[in-house]
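A look at the structure
Each chain, letter by letter, is given below.
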Amino acid sequence: MDKLLGRMWFQLLLFSLLFILGQGNKINYCVASKAKSCTECIRVSSSCTFCTDENFKGSRCDLENNLRNSGCQNNIKVKSGELLITKDFKIDTSLKKAQVSPQHISLKLRPDEEVNITMQLFEPFESPVDLYILMDFSNSMSDDLNNLKQMGQNLANFLRELTDDYTIGFGKFVDKVIAPQTDMRPVKLQQPWTDADPPFSFKNVIRLTNDINKFSQELMKERISGNLDAPEGGFDAILQTAVCKENIGWRNDSTHILVFSTESAFHYEADGANVLAGILRKNDEKCHLTQAGIYTFDTRQDYPSVPTLVRLLKQSDIIPIFAVTNHSYDYYEKLHKYFQLSEIGKLQEDSSNIVELIRVAFESIRSKVEIPVYNIPKAMKTDITSLNAEKTESGSFRIVRDKVVNFNVNLKAEHFADQHVCDLPEDERKGIIHIKPSFSDKMEIDASILCDTCSCEKNQEVKSSKCSYNGNFVCGLCVCNPGWRGDECSCSPSSFPDTEACIKPGDKVSCSGKGECLCGICQCDSDGRYEGQYCEFDNLQCPRTSGFLCNDRGRCYMGQCVCEAGWEGDSCECPTSNETCVSSNGLICDGRGRCECG
């Protein structure tokens, strides 16, 4: 009889709790966390409060109002995080300079919190430009070189149309000077072809300069070179142009354009190890140019990989334009898609259309902006969106120059399946995040995750009489030693073999076959997948959005999604805010409708 009454009381208590939590079709995120300690509770959400009253019954981790209404007198709660704009020079549209606002933010986030920061970006119609031409100098490009020599003035005229503040430079490449890439016979090392220079890997011929006459004069002195196999060593050259900033002459406040011209495919990482016998060393991503501009590590290390080039060009704000002939176009069409911001154009066989190709590609580049994010701590994730700038397939944004464009920077703590974000090392929970739009200054966010602990956990009663000497009394409740259960640690499962209270009406097995009955209470399988009085709920069966359980904006609890603050819906698919429904005139749905699900 006592067992039956106890079972009925437990069911009534559970029903009452779910009724309170379910008012308005909303489940309490604090209770759903099933926090086992005070610190776990306050790390669930800044709105979660832990009751430390000794005789309190019910869920100790709850909303403050719920605890107060349930008679809790003593509780522990933490404050929300904080955001402080520490540097914000307003954008001046009269300046011929790309600008971003604000410039610096201090941010402290709770594990459950997320913030939306408005970042303003201004790209002037006219801005400084650095144009570096990197050309394949293998023998098959001889007619292309001759045409380029005649186009110096055309290039200058093109640049003057873009801006009064420009520089132009030139580099050349062939391949690693070793077999089988290069003919190593002494006579061929002197002159691989008639009227040709000795073979080389890469040379920075003309440092970026605004003296177009000097550029033209130096270019006229150049002669073609040569190698053996069809793929060229252009990746070595691209990497050096990215990491040798001083040698090449890239300026800080200019648009960096790299024109890569070739008619051949490319060697990439591992070709140096597998084809060029003996070159096993991975590319060190460092500058190795002599004062004369010659790359000296071609036979000491491998070619770089595609991801390496994408990363280094992005870090140096260099935008590649691949000017290639029909023979190799398919290779570079695939390659350029790895870069968020790049262009590709088809060269005529003699490169006679290179100036027009650069013009078209540059106009396309000027209509887009890339906004990469660097140095994101492991504990955080970011997302950048915009209501007035279309996002392209590659991830860049289409913008209108000479207008201020607003972007939304969303930042929140990461959720990990196997650990709480506060269990990460401190250096993985904080850092200075750099958001650097192409052509512009950067915005810095000094961000950290706040991970408080409850002071009452430091003052626990060890082997407390309140816990039958089988556990410690901590923050108002007993934490039992292994082998003991119950509010007062007075039950040993070995002395309480009865499993009747753990069998769901209509079932024959205890805990739905997904847990163990200990002291009359189901202990569901430890992986956390199952829960409920009889372990009858599967936490992988809640509604999904785009394949994500509870839209990755909540957690599955007792068969339904418990949404984080700011989200609602069966699968937490709807933002509670109507920000995304506000049109440019400030009206919701342009005053012609209502906002539903964002």
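Looking at an unreviewed UniProt entry, one finds the protein named Integrin beta and attributed to Micrurus lemniscatus lemniscatus. Comment text from UniProt for the protein, heading Sequence similarities (unreviewed entry), reads "Belongs to the integrin beta chain family." UniProt's Subcellular location (unreviewed entry) comment on the protein is quoted here verbatim: "Cell membrane".

Overview of the environment of Cys30
Here Cys30 shows up in helix α2 (residues 29–32). According to the relative accessible area criterion, Cys30 is buried, its value standing at 1%. The spacing of Cys30 and Ile42 is 12 residues in sequence and 8.8 Å in space, taken between C-alpha atoms. Residues in contact with Cys30, not counting those within four places in the same chain, are Ser47, Cys48, Cys61, Asp62 and Leu63.

A few points about the nonpolar core
Within the largest apolar cluster, 41 residues are counted, with the highest numbers of intra-cluster contacts made by Phe137, Leu155, Leu159, Phe170, Phe215, Ile257 and Val259. With 7 residues, helix α14 (residues 354–366) is the largest single contributor of residues to this core. The residues contacting Leu159, other than those within four sequence positions of it, are Val129, Leu131, Tyr166, Thr167 and Ile168. In terms of nonpolar packing, the next biggest core, distinct from the first, is built from 32 residues, Phe173, Ile248, Trp250 and Phe266 among them.

A few points about the sheet that holds strand β3 (residues 75–76)
In a beta sheet, neighbouring strands pair by backbone hydrogen bonds and run either parallel or antiparallel. Taken in spatial order, the 3 strands make up an open sheet running β2-β1-β3, and their pairing is antiparallel. The open sheet has two free edges, formed respectively by β2 (61–63) and β3, since each of these has just one partner strand. Bridge analysis of strand β1 (residues 48–51) against β3 gives 2 bridges, and the strand direction is antiparallel. Counted as the bridge partner of Cys51 is Asn75 from β3.

Some thoughts on helix α13 (residues 329–336)
Side chains that are three or four residues apart share a direction in an α-helix, a result of its 3.6 residues per turn. Along α13, the residues that are buried comprise Tyr329, Tyr332, Leu335 and His336. Axial view of α13: buried residues confined to an arc of 125°, hence all on one face. For α13, the exposed residues lying more than 90 degrees away from the buried face are Asp330 and Lys334. Lining the buried residues of α13 we find α9 (234–243), β11 (255–262), α12 (306–315), β12 (318–324) and β13 (343–346).

Brief notes about the pattern of salt bridges
The tally for this structure, following the rule as stated, stands at 33 salt bridges. The salt bridge involving Glu218 is made with Lys221; its shortest N-O contact spans 3.3 Å. For Lys221, a relative accessible area of 58% gives the class exposed. Of the charged contacts in the structure, one is a salt bridge between Lys436 and Asp317, with a shortest N-O distance of 2.9 Å. Taken together, the residues Lys436 in the loop between β19 (430–435) and β20 (443–449) and Asp317 in the loop between α12 and β12 connect sequence positions 119 residues apart. Through salt bridges with shared partners, a single ionic network connects Glu54, Glu461 and Lys466.

Digging into the sheet that holds β11
Taking strand neighbours across the sheet as the criterion, the 6 strands line up as β10-β9-β8-β11-β12-β13 in an open arrangement whose pairing is mixed. Each of the sheet's edge strands pairs with one partner strand only, and the pair in question is β10 (202–209) and β13. Recorded for the sheet is a direction-independent mean angle of 15° between the axes of neighbouring strands. Two elements, β12 and β13, share 4 bridges in a ladder whose sense is parallel. Note on β13: the bridge partner recorded for Val324 is Lys346. Sheet strands touched by helix α8 (residues 212–220): β9 (166–173) and β10. Its angle to β9, the strand with the most contacts, is close to 15°.

Structural notes on unusual backbone geometry
Note the cis peptide between Ser101 and Pro102, where omega equals -5°. Along the chain, Pro102 falls in the loop between β5 (99–101) and β6 (104–109). Even without being glycine, Asp317 reaches a positive phi, approximately 55°.

Some points on the pairing of strand β18 (residues 404–413)
Within β18, 7 of the 10 residues are buried, leaving the element largely enclosed by the surrounding structure. In this sheet, β18 lies alongside strand β7 (residues 114–122) in antiparallel orientation, the contact comprising 9 bridges. Looking at β18, one finds that Ile117 is bridged to Val409. Two elements, strand β16 (residues 380–385) and β18, share 6 bridges in a ladder whose sense is antiparallel. From the neighbouring strand, Thr385 faces β18, where its bridge partner is Asn408.

Conventions and cut-offs
- Residues numbered from 1 in each chain as written.
- Predicted model: local features only at pLDDT ≥ 70, side-chain atom pairs only at ≥ 80, totals over all residues.
- Heavy atoms only, no water.
- UniProt positions renumbered as here; feature names shortened; annotations may be inferred.
- Helix = DSSP H or I, 4+ residues; strand = E, 2+ residues; numbered from the N terminus.
- Buried < 20%, exposed > 50% of the residue type's maximum accessible area, 1.4 Å probe, protein only.
- Contact = heavy atoms within 4.5 Å.
- Core = buried A, V, L, I, M, F, W, Y, C linked by side-chain atoms within 4.5 Å.
- Pairing = 2+ DSSP bridges.
- Arc of directions from axis to C-beta.
- Salt bridge = Lys/Arg side-chain N within 4 Å of Asp/Glu carboxyl O.
- Axes fitted to C-alpha atoms, helices over the stretch in contact; angles between N-to-C directions.

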